[in-house]
Amino acid sequence: MSTFSDALNRQIGYEFGASQQYIAIAVYYDDQTLPRLAAHFYRQAVEERNHAMMMVQYLLDADEQVDVPGVETPQTVFADVVAPVALALGQEKRVTAQIADLVRLARDEGELVGEQFLLWFLQEQREEVSSMTALLQVVERSRNDVMAIEDYLARESGGENPLEAGAPPAAGGAL
């Protein structure tokens, strides 16, 4: 297995870990009776799962070994309504750096198809960092009025498709 394939297998674990963290955040908000925040993070969890499965499908299509690594236990206790979104933004920035590193590795190894595959993820990460930054700003401003956060999400997330057109195929199909 090439170094690129090894790194992509590790990224599969990071994506599944991100999915688990988003589930933990969604559960926190569900427990706080904040259904819009919970739904937002449940959707994010599915999106991260789908990203992992896209990477699985890529490796299968490339006739490479697929390793599904375990994930670390996600954080489940938060100080306030702001902390989970701040954690999510940090996670999105970290994943962006990981994907950028994968693109550089693919380029260095001459894995041109792998590099092309990852370009969709770079664009997706730019959008994720931007939307999570905006959500964090809203949550920080509205920490004492959580219903304003719920109203914001009701306005901003109407009818989203968790998987954008043009995305790579996901093993087993996207959820």
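Refer to the structure presented above.
Residues numbered from 1 in each chain as written. Predicted model: local features only at pLDDT ≥ 70, side-chain atom pairs only at ≥ 80, totals over all residues. Heavy atoms only, no water.

Visitor: Go over a nonpolar patch on the surface with me, naming the residues and quoting the values.
Guide: Residues Ile23, Val27 and Tyr42 make up a contiguous nonpolar surface patch of roughly 220 Å² in combined accessible area. Inspection of the secondary structure assignment puts Ile23 in helix α1 (residues 3-31). (Patch = residues over 30% accessible without salt bridge, like charges linked within 9 Å, V, L, I, M, F, W, Y side chains within 5 Å. Areas by Shrake-Rupley, 256 points an atom, 1.4 Å probe, with all protein chains shown as cover. Salt bridge = Lys/Arg side-chain N within 4 Å of Asp/Glu carboxyl O. Helix = DSSP H or I, 4+ residues; strand = E, 2+ residues; numbered from the N terminus.)

Visitor: Got a sec to walk through the pattern of salt bridges? Specific residues and values, please.
Guide: Summed over all chains, the structure comprises three salt bridges. Between Arg143 and Asp80 there is a salt bridge, and its shortest N-O distance comes to 3.3 Å. Residue Arg143 is found in the loop between α4 (112-141) and α5 (146-156), and its partner Asp80 is found in the loop between α2 (35-61) and α3 (83-108); the two are separated by 63 residues along the sequence. The exposure class of Asp80 is partly exposed, given its relative accessible area of 28%. (Buried < 20%, exposed > 50% of the residue type's maximum accessible area, 1.4 Å probe, protein only.)

Visitor: Can you lay out the environment of Gly90 for me, pointing to particular residues and giving the numbers?
Guide: Here Gly90 lies in helix α3. Judged by its relative accessible area of 31%, Gly90 falls in the partly exposed class. Separated by 39 residues in the primary sequence, Gly90 and Val129 have C-alpha atoms spaced 8.8 Å apart.

Visitor: A description of the packing of α2 against α5 should follow, citing residues and the corresponding values.
Guide: Contact geometry of α2 with α5 gives a least axis separation of 8 Å together with a crossing angle of 50°. One element, α2, and the other, α5, form an angle in the oblique class. Taking contact as the criterion, the partners of Pro35, Arg36, Leu37 and His40 in α2 are, on α5, Ile149, Glu150, Leu153 and Ala154. Of the residues assigned to the contact of α2 with α5, the class counts are five nonpolar, one polar and two charged. (Axes fitted to C-alpha atoms, helices over the stretch in contact; angles between N-to-C directions. Parallel < 35°, antiparallel > 145°, perpendicular 65-115°, else oblique. Contact = heavy atoms within 4.5 Å. Nonpolar A, V, L, I, M, F, W, Y, C, P; charged D, E, K, R; others polar.)

Visitor: Talk me through α2; I want residue IDs and the actual numbers.
Guide: Taking 1.5 Å per residue as the helical rise, α2 with its 27 residues ought to reach 39 Å, and the 38 Å between its terminal C-alpha atoms agrees with that figure. With 19 of its 27 residues buried, α2 lies for the most part within the structure. Two residues or fewer past α2, Asp63 is found with a positive phi of approximately 60°. (Expected span 1.5 Å × (residues − 1).)

Visitor: Requested: an account of the packing of aromatic side chains, with residues and values cited.
Guide: Using the criterion set out here, one finds eight aromatic pairs in the structure. Measuring from centroid to centroid gives 5.5 Å for Tyr22 and Phe41, while their planes differ by 40°, and the two rings are tilted. Of this pair, Tyr22 sits in helix α1 while Phe41 sits in helix α2; the two residues are 19 residues apart in sequence, bridging distant segments of the chain. Across the pair, Phe41 and Tyr22 agree in class, each one buried. A centroid spacing of 4.5 Å and a plane angle of 25° characterise the contact between Tyr58 and Phe117, whose relative ring orientation is stacked. Residue Tyr58 is located in helix α2, and its partner Phe117 is located in helix α4; the two are separated by 59 residues in the primary sequence. You'll find Tyr58 and Phe117 in the same group, each marked buried. Among the aromatic residues, those joined into a ring-pair cluster are Phe4, Tyr58, Phe117, Trp120 and Phe121. (Phe/Tyr/Trp six-rings, centres within 6.5 Å; stacked < 30°, edge-to-face > 60°.)

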